[in-house]
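Structural characterization, general
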Amino acid sequence: MKQASSFFRLGHWPTLLSSFLYFDTSFMIWVLFGPLSVLIAKEYHLSPVQAANLVAIPTLSGSILRVIFGWLGDRIGQKRTGQLGMLVTAVPLVWGWKFAHSVSEFTAIAVLLGVAGASFAVALPLASKWYPKSHQGLVLGICGAGNSGTIFATLFANRLAAHFHSWHAVFGLALIPLTMVLLIFTVCARQAKENAQEPVRLSSYLELLRTGDTWIFCLCYWMTFGGFVGMTTYLTLFFHTQYALDAIQSSDFATICVIAGSFVRPVGGWLADRFGGIRVILALYASIFVLLVAASRLLPLKAETVVLFFLMLSFSLGNGALFQLVPLRFPALVGLATGFVGAFGGIGGYVLPKLLAACKAWSGSYADGFLLLTILPLVSIALVLWSKQRWESTFVGLGGRANRDGIFGADEQGVASS
């Protein structure tokens, strides 16, 4: 209760709310091709591999752009960068609504949709810098719960396409919430005062890349966020291909699974604040391994849905828990660090649909794809256990909890001593 009271007294809730809405709407737009892929593949006779490529491209594009947006946010401020991102995001929506009628155009639109995915590197640090270190897990979890935008995409995209007899109309309708959120963001979001500091030097960026912990976080996030966004974009195709469901039925089952991971990211952050990020992610990574093995059995529809439900739940909790550690490790480079780590998570989301589709095409089954994915949680567990003692003696307390007196062992640029 004391921690909750402290949270509501501190920070700037209009900025936190604006960041959440920006991320939520952007995430919805980012994954639009996922549920609509069944209709597009049918209309343009795409192969399963081509359809998987279409849903994966926005994820790859968003991954690359996250690094750029993280850097831009540190240079001109996250609020201005977010406004720019929403304006650019309108371009592929108008294109998909009015002008796109070929596979090459869909590919270009998919690339531009990556701008929406880059919102992660803007929304999280904008909110994060208003709150103390003891609340970073919860704050980044609340803001990161914007991945709940995927629910709107999977639940309504195909229904709206059926109602308007055109999947193109869905892109036009998405402009409505985007415009509303841009106005709210412009009026309500504010930069934290510490953003008025001197721009971060290039040497600090290079130091971030030379730090081993950066790459450990990248691999861990490759698994959790890559798993969440990759499954989000591919689940509709998976249920359609594996269980012969139609477009709306497939997206409904996908929505059931996506719901599991859409609202619990703050819980993962809160658990990490309460019990320590290291403890929480180790437990979650173990559960992810078990659930991937279970998913590889390709159980009957209802049983497989239950397994995937808990898999998505574990992915999202893991996202929140991991990002409790990132700002503690890199306090003065939050924008760049979240952008860079987030980029690798997005690349994981790009690889996952292509891996599952390739295994399906090669062996006729998704089982091998799920089994190959089990390598990631095992490697992540090994790396976290290997780093645990060093982390607890440098930038976090026992089990990965934030130190009450702040970050010790960190230099002025926020890169803790290795």
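Procedures and definitions
- Residues numbered from 1 in each chain as written.
- Predicted model: local features only at pLDDT ≥ 70, side-chain atom pairs only at ≥ 80, totals over all residues.
- Heavy atoms only, no water.
- Helix = DSSP H or I, 4+ residues; strand = E, 2+ residues; numbered from the N terminus.
- Rg over C-alpha atoms; globule rule 2.2 N^0.38 Å.
- Buried < 20%, exposed > 50% of the residue type's maximum accessible area, 1.4 Å probe, protein only.
- Contact = heavy atoms within 4.5 Å.
- Areas by Shrake-Rupley, 256 points an atom, 1.4 Å probe, with all protein chains shown as cover.
- Lys, Arg positive; Asp, Glu negative; His and termini not counted.
- Charge placed at Lys NZ, Arg CZ, Asp CG, Glu CD.
- Axes fitted to C-alpha atoms, helices over the stretch in contact; angles between N-to-C directions.
- Parallel < 35°, antiparallel > 145°, perpendicular 65-115°, else oblique.
- Left-handed = near helix turned anticlockwise from the far one by under 90°.
- Nonpolar A, V, L, I, M, F, W, Y, C, P; charged D, E, K, R; others polar.
- Arc of directions from axis to C-beta.
- Salt bridge = Lys/Arg side-chain N within 4 Å of Asp/Glu carboxyl O.
- Expected span 1.5 Å × (residues − 1).
- Patch = residues over 30% accessible without salt bridge, like charges linked within 9 Å, V, L, I, M, F, W, Y side chains within 5 Å.
- pLDDT = per-residue confidence, 0-100.
- Phe/Tyr/Trp six-rings, centres within 6.5 Å; stacked < 30°, edge-to-face > 60°.
- Core = buried A, V, L, I, M, F, W, Y, C linked by side-chain atoms within 4.5 Å.

Below, the discussion takes up the overall build of the protein chain. Assigned secondary structure in the protein chain consists of 21 helices and 0 strands. The globule rule puts the C-alpha radius of gyration for 418 residues at 22 Å, and the 20 Å found for the protein chain is close to it. The proportion of buried residues among the 418 residues of the protein chain is 59%. Within the protein chain, residue pairs in contact and separated by at least 24 positions form 84% of the contacts whose partners lie at least 6 positions apart. As displayed, the protein chain has an accessible area near 16,100 Å², and 69% of this comes from carbon and sulfur atoms. Charged side chains of the protein chain number 27 positive and 17 negative; the gap between the two group centres comes to 5 Å.

Where helix 17 (residues 277-295) meets helix 18 (residues 301-329), the axes come as close as 9 Å, and the angle between the chain directions of the two elements is 155°. In terms of axis orientation, helix 17 runs roughly antiparallel to helix 18. When the axes of helix 17 and helix 18 are compared, the crossing they make is left-handed. Across the contact of helix 17 with helix 18, the residue classes break down as 19 nonpolar, 5 polar and 1 charged.

All of the buried residues in helix 16 (residues 265-275) are Arg265, Pro266, Gly268, Gly269, Ala272 and Asp273. What you see down the axis of helix 16 is that its buried residues fit within an arc of 160°, all on one side. Just downstream of helix 16, Gly276 is the residue with a positive phi angle, here 105°.

Between helix 4 (residues 48-76) and helix 6 (residues 103-112), the shortest axis-to-axis distance is 7 Å and the interhelical angle comes to 35°. As for how helix 4 packs across helix 6, the hand of that crossing is right-handed. Contacts between helix 4 and helix 6 involve Leu54, Ile57, Pro58 and Ser61 from the first element and Phe106, Thr107, Ala110 and Val111 from the second. Here the residues of the contact of helix 4 with helix 6 sort into 6 nonpolar, 2 polar and no charged.

Quick look at the pattern of salt bridges now. Enumeration over the complete set of coordinates arrives at 5 salt bridges. Across the pair Glu207 and Arg210 runs a salt bridge whose closest N-O atoms are separated by 2.9 Å. Here the residue Glu207 and the residue Arg210 both occupy positions in helix 13 (residues 202-210), the gap between them amounting to 3 residues, near one helical turn. On the accessibility criterion, Glu207 (30% relative accessible area) is partly exposed. Its relative accessible area of 60% is what places Arg210 among the exposed residues.

Taking 1.5 Å per residue as the helical rise, helix 3 (residues 33-44) with its 12 residues ought to reach 16 Å, whereas the 14 Å between its terminal C-alpha atoms falls clearly short. Of all the residues in helix 3, the buried ones are Phe33, Gly34, Pro35, Leu36, Ser37, Val38, Ile40 and Ala41. Looking at the packing, one finds that the buried side of helix 3 touches helix 4, helix 6, helix 10 (149-163), helix 11 (168-173), helix 14 (212-243) and helix 15 (247-262). In the stretch just after helix 3, His45 is the one whose phi turns positive, near 55°.

On to a nonpolar patch on the surface. A surface patch of nonpolar side chains, about 350 Å² in accessible area, is lined by Phe152, Phe156, Leu160 and Phe164. Along the chain, Leu160 falls in helix 10.

Chain-level statistics for the protein chain give a pLDDT mean of 87 and a share of 91% at 70 or above. Within the model, pLDDT remains below 50 along residues 405-418, and this stretch shows 38 contacts once partners closer than five positions in the same chain are excluded.

What follows concerns unusual backbone geometry. Even without glycine at this site, Ala244 takes up a positive phi of about 55°. Counting through the fold element by element, Ala244 comes out in the loop between helix 14 and helix 15. Look at Ala244 and you get exposed, because its relative accessible area is 68%. A positive phi angle, near 50°, is found at Leu298, a position not held by glycine. In this structure, Leu298 sits in the loop between helix 17 and helix 18.

Under the counting rule described, the total for this entry stands at 31 aromatic pairs. Relative to Phe225, the ring of Tyr221 lies with its centre 5.2 Å away and its plane at 5°, an arrangement referred to as stacked. Of this pair, Tyr221 and Phe225 both sit in helix 14, separated by 4 residues, roughly a single helical turn. Classification of Phe225 as buried rests on a relative accessible area of 0%.

This brings us to the nonpolar core. Judged by nonpolar contacts, the single largest core of 125 residues is most densely connected at Phe238, Tyr285 and Leu308. No other element matches helix 14, which puts 16 residues into this core. Ignoring sequence-local partners within four residues, the contact set of Phe238 consists of Tyr243, Leu298, Glu304, Leu308, Tyr366 and Phe370.

Below, the discussion takes up the environment of Leu84. With respect to the helices and strands, the residue Leu84 is situated in helix 5 (residues 78-98). Residue class for Leu84 comes out partly exposed when judged on its relative accessible area of 40%. Between the alpha carbons of Leu84 and Leu182 there is a distance of 9.7 Å; along the sequence they are 98 residues apart.

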